[in-house]
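# Fold and contact review
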There are 2 protein chains.
Amino acid sequence: MTKVNVGRKILDANEKYALRNSELLAQHRNRCFNMISSPGSGKTTLLVRTISDLTGSVRIGVIEGDIRTDLDARRIRATNAPAIQIITEGACHLSAAQVNGALKKLPLDNLEMIFIENVGNLVCPSSFELGEDGKIVVLSVAEGDDKPAKYPGIFAKSKALLVNKIDLLTGGALIDFDLERVRADARRLNKSIEIFPVSAKTGEGMSAWYGWLHGQLGKA
Amino acid sequence: MTKVNVGRKILDANEKYALRNSELLAQHRNRCFNMISSPGSGKTTLLVRTISDLTGSVRIGVIEGDIRTDLDARRIRATNAPAIQIITEGACHLSAAQVNGALKKLPLDNLEMIFIENVGNLVCPSSFELGEDGKIVVLSVAEGDDKPAKYPGIFAKSKALLVNKIDLLTGGALIDFDLERVRADARRLNKSIEIFPVSAKTGEGMSAWYGWLHGQLGKA
């Protein structure tokens with residue numbers, strides 16, 4: 001009797017599409033990053049500011065994953081960047097097949113970099129490869145400095161960590177957040193992770209992040 | 001040929017344990033609430049303050065769900081309340097079977113109220129009944145006021161919504177958060193949801209929450 005491991009089969013089917021996505025992106029010479037975080041860490045605000053600040057320098061397209069609503073894709077389109085919304089109807093992560101459909105709707109020949117904004121969830125999306133060149137994890141300082149220790153999976157797998165909303169660490173707010181603890185815990189999980197403390201709201205720290213993105217395109 | 005729906009079977013097995021938990025809690029006259037939120041909304045800090053402030057008034061026990069580490073259970077035990085840690089080893093939600101094991105380790109005869117702090121995830125835990133009397137969703141103002149619209153499932157199913165970290169709305173921080181939008185969106189999904197704006201840090205708004213908890217025990 002054969003034991004059927006359904007979890008394994010779902011991942012295998014996903015990997016086939018992830019490979020197709022990776023090939024499609026390579027054909028069109030696009031670099032692709034999969035942004036993963038809790039709900040409300042500021043992924044969309046980070047993307048909006050990044051796209052605006054890099055206008056004329058990097059041609060960016062976005063794939064938005066949400067359980068419901070196209071609120072985020074509309075925010076991206078306001079920057080004039082192309083954005084494709086995937087609504088997962090309750091599913092807790094994007095699949096490579098969904099991303100494959102969205103990639104085919106983007107003008108890949110006119111783009112250099114694709115950001116996939118995954119469903120807000122620090123757990124499940126980290127297990128599903130989408131064919132990206134790397135994962136970017138976003139952590140808001142308001143979430144607390146214990147998150148790399150408590151949710152190690154995504155920190156272990158990411159190329160870069162954006163520590164967002166650092167403006168909340170000054171100016172009278174009451175947030176206790178030890179950036180050095182986050183650095184140490186993230187590096188313990190992942191020696192090569194790049195860490196950028198930023199505020200998408202005030203712009204603080206964003207130039208280092210842009211430098212890294214340029215480097216990913218060989219433009220550094 | 002029979003089509004096997006594996007997702008359905010997993011839920012059915014979970015429901016059997018949820019029913020057992022519900023019966024066990026009723027036998028011991030314990031009320032039980034399942035707390036669900038994104039990582040870093042402040043669930044543990046809320047519980048620590050609630051337990052401390054209700055010492056001598058409500059006998060509380062806690063079941064902590066985390067992917068890794070027992071950091072949260074240790075924070076609860078510092079209040080002298082009994083806390084059982086479940087480490088899910090990567091799983092994105094608590095199962096009723098895990099909660100069943102933890103309930104049997106708690107001194108239920110000496111308790112009146114059990115809080116289950118679920119894994120930090122606004123999506124998956126809402127689909128798994130644990131045998132609780134109700135779900136409590138926690139939203140930090142730092143996560144943004146669009147969350148009920150974007151993650152409707154848990155807001156539709158919860159008895160109460162704690163809007164936490166309201167101290168960040170004053171005192172110089174730059175947070176844009178429209179509490180009235182949250183109220184309207186949550187009530188659209190769930191007419192009977194009770195909404196408590198609170199700060200577990202400063203104590204603001206907590207007395208209304210305590211009043212509701214007393215009411216749940218018939219002590220109001």
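The following paragraphs examine the structure supplied in this document. (Residues numbered from 1 in each chain as written. Chains lettered and ligands numbered in written order. Predicted model: local features only at pLDDT ≥ 70, side-chain atom pairs only at ≥ 80, totals over all residues. Heavy atoms only, no water.)

### Concerning the interface of chain B and chain A
- Listed by partner, the interface residues are 38 residues for chain B and 38 residues for chain A.
- Our enumeration of links across chain B and chain A arrives at 6 salt bridges.
- With a shortest N-O distance of 2.7 Å, aspartate 72 of chain B and lysine 150 of chain A are connected by a salt bridge.
- Seen at the junction of chain B and chain A, the total is 9 residue pairs in polar contact (both at pLDDT 80 or more). (Contact = heavy atoms within 4.5 Å. Salt bridge = Lys/Arg side-chain N within 4 Å of Asp/Glu carboxyl O. Polar contact = N/O pair within 3.5 Å; in protein donor to acceptor, adjacent residues only side chain to side chain.)

### Some words on the pattern of salt bridges
Residue and element names in this part refer to chain A.
- By the definition in use, this model includes 32 salt bridges over all chains.
- For arginine 31, the salt bridge goes to aspartate 133, with nearest N and O atoms at 3.5 Å. On the criterion of sequence distance, the pair formed by arginine 31 in strand S1 (residues 31-37) and aspartate 133 in the loop between strand S4 (113-117) and strand S5 (134-140) is long-range, its members being 102 residues apart.
- We classify arginine 31 as partly exposed; its relative accessible area is 24%.
- Here the residues in one salt-bridge network are Asp145, Arg181, Asp185 and Arg188, joined through shared partners. (Helix = DSSP H or I, 4+ residues; strand = E, 2+ residues; numbered from the N terminus. Buried < 20%, exposed > 50% of the residue type's maximum accessible area, 1.4 Å probe, protein only.)

### With respect to the pairing of strand S3 (residues 83-87) of chain B
- Among the 5 residues in S3 of chain B, 4 count as buried, and that is most of the element.
- You can see the chain leave strand S2 (residues 60-66) of chain B, run along helix H3 (residues 71-77) of chain B and come back into S3 of chain B, and the turn it takes is right-handed. (Right-handed = clockwise from strand over helix to strand, strands pointing away.)

### Some thoughts on the nonpolar core
- Ranked by internal contacts, the top residues of the largest apolar core, which has 49 residues, are Leu161, Val163 and Phe177 of chain A together with Leu161 and Val163 of chain B.
- Those elements that provide at least two residues to this core are S5, helix H6 (152-157), strand S6 (160-164) and helix H7 (179-189) of chain A together with strand S5 (134-140), helix H6 (152-157), strand S6 (160-164) and helix H7 (179-189) of chain B.
- Of all the elements, H7 of chain A adds the most residues to this core, at 3 residues.
- Those residues in contact with leucine 161 of chain A, other than ones at most four positions away along the chain, are Val137, Leu139, Phe155, Val182, Ala186, Ile193, Glu194, Ile195 and Phe196 of chain A. (Core = buried A, V, L, I, M, F, W, Y, C linked by side-chain atoms within 4.5 Å.)

### Brief notes about the environment of isoleucine 60 of chain A
All names here are of chain A.
- One can find isoleucine 60 in strand S2 (residues 60-66).
- For isoleucine 60 and glycine 153, which are 93 residues apart along the polypeptide, the C-alpha to C-alpha distance reads 27 Å.
- If we ignore the near neighbours within four places in the chain, the residues touching isoleucine 60 are Thr50, Ile51, Leu54, Ala81, Pro82, Leu111, Met113 and Phe115.

### Describing the relation of the copies chain B and chain A
- If you rotate chain B by 180° and push it 0.0 Å along the axis, it lands on chain A with an RMSD of 0.0 Å. Overall, the copies show the geometry of a two-fold rotation axis.
- Comparing interface residues between copies, 100% of those in chain B also lie at the interface in chain A; the contact surface is shared. (Least-squares fit on C-alpha atoms with pLDDT ≥ 70 in both.)

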